[in-house]
Amino acid sequence: MNTTHRRHGGSALRFDPPPSEEASVDGAAWSSLARVLRRRALLISGVTMLLILMALPLIMSTTKTYYAQTRILVSPAPALTLTAGLDGREVGIEMQDEIERLLSKDVTSQVIARFDLASLPEFNEELKEPTELDLLLEDLRTTLRAAFLGSDETEDATASEEFVKDNVAMAFDKALTVSRQGILDVITVGFSAADPELAAAVPPALVETYLALREARWQREVGDAADWLDTRISVDRDRVSQMRSRIEETLDAEDKAKGADGELPELRLSTLAARHTDLRQAREEIATIRLSIEAALADPNMTALSEPEHLASLRSEWITEQRDLNRMMLTFGKNSEALRRKEQEISALGEELAAGLMAYDRSVALQDTALEARETELARDLAETRNLLAARHLQEDRIDRQLDDLRESERSLATLEYKRQLILAQARLTPVSLEVLSPARIPHNPTGPRRKLLLIGAAFAGLLLGLTLAALLELRDNSTRSHEQLAHLPSLVPVGLWPRVRSATRWKAWDRAKPDIFNAPASENVREALLMLRSANGGRMPGVLTVSAPRARDMTVPVAEWIARELDAQGETVLLVNARGRTKPAAAERTASRDDSAPGSPLRRLQLRDLLDRANGDIELTLTALAEQCAADKAVAIIDAPPLLAAGTLEIARYGGDILLVLRWGQTPRTVVELCAGLLAKISVHQAFSLIVDAQPRRHRLYGFTDRLSMSESAG
């Protein structure tokens, strides 16, 4: 029991933290864990046994399964490997793709049909015996389908068949295992079944079916590729023929463009260019002649180029006459008749010379006009020839391009024909080669965990679940079991820890044959509580003691009745005031009615409502008068009060002297106790005591408290 803490009235409540414990020695944590396990041993064992019982039907219903496997080496076909690189292709196998082909629906469906797995209950759940729960769910499913989807039997039958097929396929996939060994090209095919012969027969059948479907698909793909190549080759051949026809037509048109004489455009262009050059030179010469004629007309002394002989004679004669004129001027003077006649002759010769030059100029101009017309014609022919030659060059470029396209198309056509021949040659080959490294053998020993291991696993799971529940309950446990848990509430003075009393003797008060001896259950605990009350109050009982519990369910024993009976048995004058109204159990009332008639009993029973009626309902005046009466009569008043948290009880506690707060072991939460302690401090109760009742000694010892109940049980 904790050391008594005395708190004088009116002091405020302080919620000090619990005193910190020193570091535990080695093994303290393990001892605490052992106590927790001992406290929750029944829960842990119960949960473990419950889980074992729940798992036992499933464990017993597990069937033995046998597992067989075969290992195969996957590689490309030898013929494809030998011819690799001849056509630029590389031969290789994607192992993941081959595994997916092994697990394809086409392969598995044929294997399922081959062994008629739909007729085995192992793979078809519809053939298993339905349980009551299955029948109930099926009826519910049928009712809902008829209510919301109608009752189309045809659709239901079709849906049921598809559902069965899907379930069988799912069960088959679950029993089948296909895996690759590391980076090797080795595939392991395994199967589990209740029949060992079936387990050994499925892996090779799966491989055979896969190889047959792979070969059939290869043949189909090769045929499709050959047909596509035939169509492509036909189209390319037509295109090559059309290209050849166009080239031939172009060459024929070029031959026709050479002309009737067969003269080539290049030769004709050079001839026309030479003629055009000659005409241009001739015209330039005529232009020079005409310039000289103009100079000669301006100065008769100058001779025109290529002038006729008669013009040369006239010029010579004119020059001779001009010389004679000059001599005559020196001889006869400028005014002589002969000089004038000579000037007239010279003038006539000059006019004749000019007329001749003019006639010569006109003849030369006519020649230039003729040459100009010829030059224009030659320029036109030259331009036509140049255009024809340019068109021919363009045509030749076009022909060259067409020839290049033709050669490329012919090479592409040859490649397609080669590929067609190669594909037709590969049609007789299989794309992959499978080599069985280890065939499947009929297993003799079942696989999977044994029933004992499953049972041990269920027990272990139940143990873990029980430990988890025990830990959660310990973490959530906030109830009061010892005064040590209330050490942070110094306002509550502990006065006792009472063990649980049997229900049959819980309301027994005293022996009628020995009225001077209080014979209630746990009477020694009552006497010790009175001793603690007297010790905390200076060696005497409080004049007025109010007995109350935080909640109604916390008052499991008549504490006020037993204290009053013990004081009565010790010879003190006791007033037992019932403040509960009609809350006392009927058995207690019957016991009290018998005990009140006991001879020599100074115990007086009062009703608080009768006292209130006399004081006009004033609770303070009533309880003050009660305290004064007890002091005058040297009596002790025990007030059996309602729960402290009930309405009106705080007023009784305020004026009812000291208060004894009764707590129920393992039921009263510590938060409720803290609330009650705070309320009592606020209303300035003189002294508050705490009493824990209904303790279970065996379980109490498992919490590691250091009170008398724990230590005595440990000693015992």
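Residues numbered from 1 in each chain as written. Predicted model: local features only at pLDDT ≥ 70, side-chain atom pairs only at ≥ 80, totals over all residues. Heavy atoms only, no water.

1. Here's the deal with the overall build of the protein
To keep things clear, this is the line we draw: Counting from the N terminus, the helices are the DSSP runs of H or I reaching at least four residues and the strands are the DSSP runs of E reaching at least two. Burial classification: accessible surface area is computed with a 1.4 Å probe over protein chains only, and a residue below 20% of its type maximum counts as buried, one above 50% as exposed, and the rest as partly exposed. The contact rule is simple, with two residues in contact once any of their heavy atoms fall within 4.5 Å.
Helix and strand content of the protein: 21 helices and 11 strands. In the protein, which comprises 716 residues, the proportion classed as buried is 36%. Of all intrachain contacts in the protein linking residues separated by at least 6 positions in sequence, the fraction that spans at least 24 positions is 81%.

2. Let's talk about the sheet that holds strand β11 (residues 688–695)
What holds strands together in a sheet is hydrogen bonding between their backbones, with the strands either parallel or antiparallel. In plain terms, the rule: A pair of strands counts as paired when DSSP detects no fewer than two bridges linking them. For helices, the fitted axis covers only the stretch in contact; all axes are lines through C-alpha atoms, and the angles between them, taken along N-to-C directions, range from 0 to 180 degrees.
Taken in spatial order, the 7 strands of this open sheet run β5-β11-β10-β6-β9-β7-β8, and their pairing is parallel. Looking at strand neighbours, the two that pair on one side only are β5 (492–499) and β8 (604–607), the edges of this open sheet. Direction aside, the axes of adjacent strands within the sheet are offset by 20° on average. Pairing of strand β7 (residues 573–578) with β8 involves 4 bridges; the strand directions are parallel. Residue pairing for β8: L576 is matched across the bridge by R605. Helix α19 (residues 670–682) contacts β5, β10 (658–664) and β11 of the sheet and is inclined by roughly 175° relative to β10.

3. Looking at the packing of aromatic side chains
Formally: Working definition: rings of Phe, Tyr and Trp (its six-membered ring) pair if their centres are within 6.5 Å, and the pair is stacked with planes under 30 degrees apart, edge-to-face with planes over 60 apart, and tilted otherwise. For a lysine, the NZ atom is tested; for an arginine, the CZ atom; a charge sits over a ring if that atom is within 6 Å of the ring centre and within 35 degrees of the ring normal.
On inspection of all chains with the given rule, the structure shows 5 aromatic pairs. Between the aromatic rings of F123 and F191, the centroid separation amounts to 5.9 Å while the plane-to-plane angle is 20°, which identifies the pairing as stacked. Here F123 is found in the loop between α5 (105–115) and α6 (132–148), whereas its partner F191 is found in strand β3 (residues 186–193), with 68 residues between them in sequence. The two residues F123 and F191 agree in class, both being buried. The interplanar angle of 25° and the centroid separation of 6.0 Å between the aromatic rings of W498 and W562 together place this pair among those described as stacked. Placement of the pair is W498 in strand β5 and W562 in helix α14 (residues 559–569), with a sequence separation of 64 residues. On the basis of relative accessibility, which here comes to 2%, the residue W498 falls in the buried class. On the accessibility criterion, W562 (0% relative accessible area) is buried. Feature note: the residues F123, F172 and F191 constitute an aromatic cluster, connected by ring pairs. The ring of W665 carries the charged tip of R481 above its face, separated from the ring centre by 5.0 Å.

4. What to know about the side chain of N578
Its location among the elements puts N578 in strand β7. Residue class for N578 comes out buried when judged on its relative accessible area of 10%. Contacts of N578, omitting those with residues within four sequence positions, involve L606, Q607, L608 and D640.

5. Comments concerning α14
Because the α-helix completes a turn every 3.6 residues, residues three or four places apart line up on one side. Most of α14 is tucked away: 10 of the 11 residues are buried. Inspection of α14 places V559, A560, E561, W562, I563, A564, R565, E566, L567 and D568 among the buried residues, and these make up the whole buried set. With its phi angle positive at about 95°, G571 sits one or two positions after the end of α14.

6. As for the sheet that holds strand β2 (residues 176–180)
Spatial strand order, β2-β3-β1-β4: 4 strands in an open sheet with antiparallel pairing. Lying at the two open borders of the sheet, with one neighbouring strand each, are β2 and β4 (432–438). Between one strand axis and the next, the sheet turns by 25° as a mean value, whatever way the strands run. Direction of pairing for β2 relative to β3: antiparallel, over a ladder of 5 bridges. Residue pairing in the sheet places V178 in a bridge with V189 of β3.

7. A closer look at the pattern of salt bridges
Two side chains bearing opposite charge may form a pair once their charged atoms approach each other closely. Going by this rule: In the sections that follow, a salt bridge refers to a side-chain nitrogen of Lys or Arg positioned within 4 Å of a carboxyl oxygen of Asp or Glu.
Evaluated as defined, the whole model comprises 31 salt bridges. Close ionic contact of R420 with D230 constitutes a salt bridge, the shortest N to O distance being 2.1 Å. With R420 in helix α11 (residues 337–426) and D230 in helix α8 (residues 196–256), this pair connects stretches of sequence that are 190 residues apart. Linking E372 and R283 is a salt bridge whose minimum nitrogen-to-oxygen distance equals 3.9 Å. Of the two residues, E372 is situated in helix α11 and R283 in helix α9 (residues 265–298); the sequence distance between them amounts to 89 residues. Overall, E372 belongs to the partly exposed group, its relative accessible area being 38%. What emerges from the salt-bridge pattern is a single network uniting R280, R283, D368, E372 and E375.

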